[in-house]
Amino acid sequence: MKKQPVFKKEKAINAILYVASKLERSDIHKICKILYFADQRSLSECGRSITGDTYIAMTYGPVPSYIEDIFKAVRHQSYFSQYAKEFEGVFSFQNDYILKAERQPDMQHLSKSDVECLDYAIAKCKDLDFGQLTLLSHGYAWSSTAKDRPISVDDILKEAGDRDDYIDFVTEMISLERAMS
């Protein structure tokens, strides 16, 4: 499988906070789908991911792996619970599914194109319910991936309608970024 982007924790955290600030109800399913479509658009239009997360083909659609680990840590539901303190004052959960932002996003971590892609995905997803979001996210990339396995950047870009030569360029850039990290 081709390389996945490098996870950008600060950008991811601020993208989560940005999305939460734009929603009336910040449930993690909706946040995860918004991040997926924002990353897809950023990969397609800018040649890079906003969060750098690896999306996993889960039952209800793509789930950002590292972000899900952060959510589990904050909810004290995993091995990663030892890292929960790092996110105090950032966000918490009202229950297992509703995220409560504890602060505003630091916009210095998000570029203009990041915000444009996030706004696009928010507009696309904000008024959809759980079932509609699940269906929307069950596109080519999700259906081409075995359950509980990483979705390739190639498939995410194919789903966005990108050509093979551009897909090769983006995956080469990801390989270079990974080699430099």
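Residues numbered from 1 in each chain as written. Predicted model: local features only at pLDDT ≥ 70, side-chain atom pairs only at ≥ 80, totals over all residues. Heavy atoms only, no water.

## A closer look at the overall build of the protein chain
Consideration 1: On a plain count of helices and strands, the protein chain comes out with 8 helices and 4 strands.
Consideration 2: Each helix and strand of the protein chain, placed in order from N terminus to C terminus, yields the pattern α-α-β-β-α-β-β-α-α-α-α-α.
Consideration 3: Against the globule reference of 16 Å for 181 residues, the protein chain gives a C-alpha radius of gyration of 15 Å, in line with a compact fold.
Consideration 4: Taking the principal axes of its C-alpha atoms as reference, the protein chain extends roughly 45 × 40 × 35 Å.
Consideration 5: Expressed as a percentage of its 181 residues, the buried residues of the protein chain come to 49%.
Consideration 6: Pairs at least 24 apart in sequence give 66% of the contacts found in the protein chain among residues at least 6 apart.
Consideration 7: Element-wise, carbon and sulfur atoms account for 51% of the exposed surface of the protein chain, whose accessible area totals about 9,200 Å². (Helix = DSSP H or I, 4+ residues; strand = E, 2+ residues; numbered from the N terminus. Rg over C-alpha atoms; globule rule 2.2 N^0.38 Å. Buried < 20%, exposed > 50% of the residue type's maximum accessible area, 1.4 Å probe, protein only. Contact = heavy atoms within 4.5 Å. Areas by Shrake-Rupley, 256 points an atom, 1.4 Å probe, with all protein chains shown as cover.)

## As for the pattern of salt bridges
Consideration 1: Under the counting rule described, the total for this entry stands at 9 salt bridges.
Consideration 2: Asp-114 is the partner of Lys-11 in a salt bridge, and the nearest nitrogen-oxygen pair spans 2.7 Å. In this pair, Lys-11 sits in helix α1 (residues 9-22) while Asp-114 sits in helix α4 (residues 112-125), placing the two residues 103 residues apart along the sequence.
Consideration 3: Among the charged side chains, a salt-bridge network with shared partners connects Lys-11, Arg-48 and Asp-114. (Salt bridge = Lys/Arg side-chain N within 4 Å of Asp/Glu carboxyl O.)

## A short note on the packing of α1 against α4
Consideration 1: Between α1 and α4, the shortest axis-to-axis distance is 11 Å and the interhelical angle comes to 45°. As summarised for this structure, α1 and α4 are arranged oblique, according to the angle between their axes. Once α1 is placed against α4, the crossing between them reads as right-handed. Each of Lys-11, Ala-15, Tyr-18, Val-19 and Lys-22 in α1 lies in contact with α4, whose residues at this interface are Asp-114, Val-115, Leu-118, Asp-119 and Ile-122. (Axes fitted to C-alpha atoms, helices over the stretch in contact; angles between N-to-C directions. Parallel < 35°, antiparallel > 145°, perpendicular 65-115°, else oblique. Left-handed = near helix turned anticlockwise from the far one by under 90°.)

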